[in-house]
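Here is how the chains run, residue by residue.
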Amino acid sequence: GIQVEQSPPDLILQEGANSTLRCNFSDSVNNLQWFHQNPWGQLINLFYIPSGTKQNGRLSATTVATERYSLLYISSSQTTDSGVYFCAVAVRSGNTGKLIFGQGTTLQVKP
Amino acid sequence: DAGVTQSPTHLIKTRGQHVTLRCSPISGHKSVSWYQQVLGQGPQFIFQYYEKEERGRGNFPDRFSARQFPNYSSELNVNALLLGDSALYLCASSLAWDSYYEQYFGPGTRLTVT
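Now for a look at the structure at hand. Every value quoted in this text rests on a predicted model; they were computed, and no experiment measured them.

Observations concerning the interface of chain A and chain B
- Each partner contributes residues to the interface: chain A has 24 residues there, and chain B has 24 residues.
- Across the chain A/chain B interface, buried area totals approximately 2,000 Å², and carbon plus sulfur atoms make up 48% of it.
- Inspection of the region where chain A meets chain B yields one salt bridge.
- Notably, a salt bridge pairs Arg92 of chain A with Asp98 of chain B, separated by 2.4 Å at the nearest N-O pair.
- Sorting the residues of the side of chain A that touches chain B by element identifies β4 (31–37), β5 (43–48), β9 (83–93) and β10 (96–101) of chain A as the ones contributing at least two each.
- Looking at the side of chain A that touches chain B, the element that brings in the most residues is β10 of chain A, giving five residues.
- Of the residues that constitute the side of chain A that touches chain B, the class distribution is nine nonpolar, 13 polar and two charged.

Right under this line is the structure:
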């Protein structure tokens, strides 16, 4: 089946720094989503980005589907950005549309 | 508009018991999917339901079952609980079943099996 790899696994930043998170996937996909998981476990939708570039405030994402990777950029990081960031690719398997998640990047932003 | 809701928030069960978890999708969404997230890993797909029918199942034993009701809410049932079933169970809703539709997650149910 399709493999999703995220890097780095862990990242520690000082408040105000910028960062780039990467997601590589092993086969073509129909869709890609980025999530932020807060300390209570809720997955917050950041981007729905099968291809191209999108921006939302200090966050932006780029997916290059032909090269099978996506990048999440966080600028001017804040302590509230801390948590786990997941990349998930959407695939159709028979009559099912499901998400396959990477292992996540754990981000800690220090004041 | 309300997002995806799940109940209960937390649950503690003993090995061998049975558990039922509940999910209500976003209004207008007809597809519900269930995911299991064990500590330190990404969520893993368990089931997808659309229009009350099972569309697909992940690599989980038959102890796991689910159903979807006419109002599109869903239940996940797990029988004969094992310690390894301890996890965060996440429900996701989407407009329809296909992978092109964005999925939105509920807050999860944290199950502890002792």
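Read on for the rest.
Details of the pattern of salt bridges
- Applying the stated rule across the entire model yields eight salt bridges over all chains.
- Arg68 of chain A is paired through a salt bridge with Asp27 of chain A; the nearest N and O atoms lie 3.9 Å apart. Residue Arg68 of chain A is located in the loop between β7 (59–64) and β8 (69–74), and its partner Asp27 of chain A is located in the loop between β3 (19–25) and β4; the two are separated by 41 residues in the primary sequence.
- Of the charged contacts, one joins Glu75 of chain B and Arg22 of chain B as a salt bridge, the two residues approaching to 3.5 Å between their closest N and O atoms. In this pair, Glu75 of chain B sits in strand β8 (residues 74–78) while Arg22 of chain B sits in strand β3 (residues 19–24), placing the two residues 53 residues apart along the sequence.

Cut-offs applied
Residues numbered from 1 in each chain as written. Chains lettered and ligands numbered in written order. Predicted model: local features only at pLDDT ≥ 70, side-chain atom pairs only at ≥ 80, totals over all residues. Heavy atoms only, no water. Contact = heavy atoms within 4.5 Å. Buried area = accessible area lost by both parts, 1.4 Å probe. Salt bridge = Lys/Arg side-chain N within 4 Å of Asp/Glu carboxyl O. Helix = DSSP H or I, 4+ residues; strand = E, 2+ residues; numbered from the N terminus. Nonpolar A, V, L, I, M, F, W, Y, C, P; charged D, E, K, R; others polar.

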